[in-house]
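The lines below spell out each chain.
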Amino acid sequence: MATRSEREKAQKLNEQHQAILSKMLREEDNKYCADCEAKGPRWASWNLGVFMCIRCAGIHRNLGVHISRVKSVNLDQWTSEQIQSIQDMGNTNARQLYEANLPESFRRPQTDQAVEFFIRDKYEKKKYYSKNVTNGSSPKDGKKEREPDRGGKVSSYTKSEESRPAPRTSPAKTSEPSVNLLGLGECLRCVS
């Protein structure tokens, strides 16, 4: 059981962390979800260093903790390591890293399925990732920047392959007979 002074110290640290997160959320690029650009993100992937909306946070959780570790900005307790990680990145630097090779004509997806495909392409497959970006700074190879529709916000984009995800296909069916390992009788699919 924690002593009163330990609890007070932990509460003070949590208040400091909340102040840092609140300040970060006032930065222009952090005011919008890093993936779908919904306004007012209240969730973050602390290991990727991005702020996101609740819909994208759910998708990030489905990626697994080996890819994205999601926390609520104001409902969860944050460690100093987690705060440092998100301070080091933020949405601006994360976009320069994870969206460096996004096609210039790319439009952010809006349907749930399209957003999930984009997030998986972006973080799991690292389809738009730049190996030339270090510590969130853009590579010095003359990449073209363009101004999106939202005034004042600049992101780094370059031309690349078509951004639509490849259609998913089901695995090929084999003609091998099914084996009844449990001894529970034959299923209707196997008999016909």
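Residues numbered from 1 in each chain as written. Predicted model: local features only at pLDDT ≥ 70, side-chain atom pairs only at ≥ 80, totals over all residues. Heavy atoms only, no water.

Peer 1: Before we move on, could you go through the overall build of the protein and cite the residues and values that matter?
Peer 2: Assigned secondary structure in the protein consists of 6 helices and 5 strands. Buried positions account for 40% of the 192 residues belonging to the protein. Of the roughly 12,500 Å² of accessible surface on the protein, a fraction of 50% belongs to carbon and sulfur atoms. (Helix = DSSP H or I, 4+ residues; strand = E, 2+ residues; numbered from the N terminus. Buried < 20%, exposed > 50% of the residue type's maximum accessible area, 1.4 Å probe, protein only. Areas by Shrake-Rupley, 256 points an atom, 1.4 Å probe, with all protein chains shown as cover.)

Peer 1: So what's going on with unusual backbone geometry? Which residues, and what values?
Peer 2: The residue Glu37 is not glycine, and still its phi comes out positive at about 65 degrees. Inspection of the secondary structure assignment puts Glu37 in the loop between helix H1 (4–25) and strand S1 (43–45). For Glu37, a relative accessible area of 23% puts it in the partly exposed group. With a phi close to 50 degrees, Lys126 is a non-glycine residue in the positive phi region. In this structure, Lys126 sits in the loop between helix H5 (112–124) and strand S4 (145–146).

Peer 1: Describe the pattern of salt bridges, listing the residues and the values that go with them.
Peer 2: Enumeration over the complete set of coordinates arrives at 14 salt bridges. With its nearest N and O atoms 3.5 Å apart, the salt bridge here joins Arg108 to Glu37. Of the two residues, Arg108 sits in the loop between helix H4 (90–98) and H5 while Glu37 sits in the loop between H1 and S1, which places them 71 residues apart along the sequence. Arg108 gets classed as buried once you look at its relative accessible area, which sits at 13%. Between Arg55 and Asp112 there is a salt bridge; the shortest N-O distance is 3.0 Å. In this pair, Arg55 is assigned in helix H2 (residues 54–63) and Asp112 in helix H5, connecting sequence segments 57 residues apart. (Salt bridge = Lys/Arg side-chain N within 4 Å of Asp/Glu carboxyl O.)

Peer 1: I'd love a proper account of the nonpolar core, names of residues and values included.
Peer 2: In terms of nonpolar packing, the biggest core is built from 21 residues, with Val50, Met52, Cys56, Ile119 and Tyr123 touching the most fellow members. Among the secondary structure elements, those contributing two or more residues to this core are strand S2 (50–52), H2, H4 and H5. Dropping the residues within four chain positions of it, Met52 is found in contact with Cys33, Ala34, Pro41, Arg42, Trp43, Ala44, Ser45, Ala57 and His60. (Core = buried A, V, L, I, M, F, W, Y, C linked by side-chain atoms within 4.5 Å. Contact = heavy atoms within 4.5 Å.)

Peer 1: Describe in detail H2, supporting the description with residues and values.
Peer 2: Every buried residue belonging to H2 is among Cys56, Ala57, Ile59, His60 and Leu63, and all of these are buried. Looking down the long axis of H2, one finds its buried residues gathered within 160 degrees of arc, a one-sided arrangement. The exposed set on the far side of H2, more than 90 degrees from its buried face, consists of Ile54 and Asn62. The inward-facing, buried residues of H2 contact S1, S2, strand S3 (70–72) and H5. Just downstream of H2, Gly64 is the residue with a positive phi angle, here 100 degrees. (Arc of directions from axis to C-beta.)

All we've got here are geometric facts, nothing functional implied.
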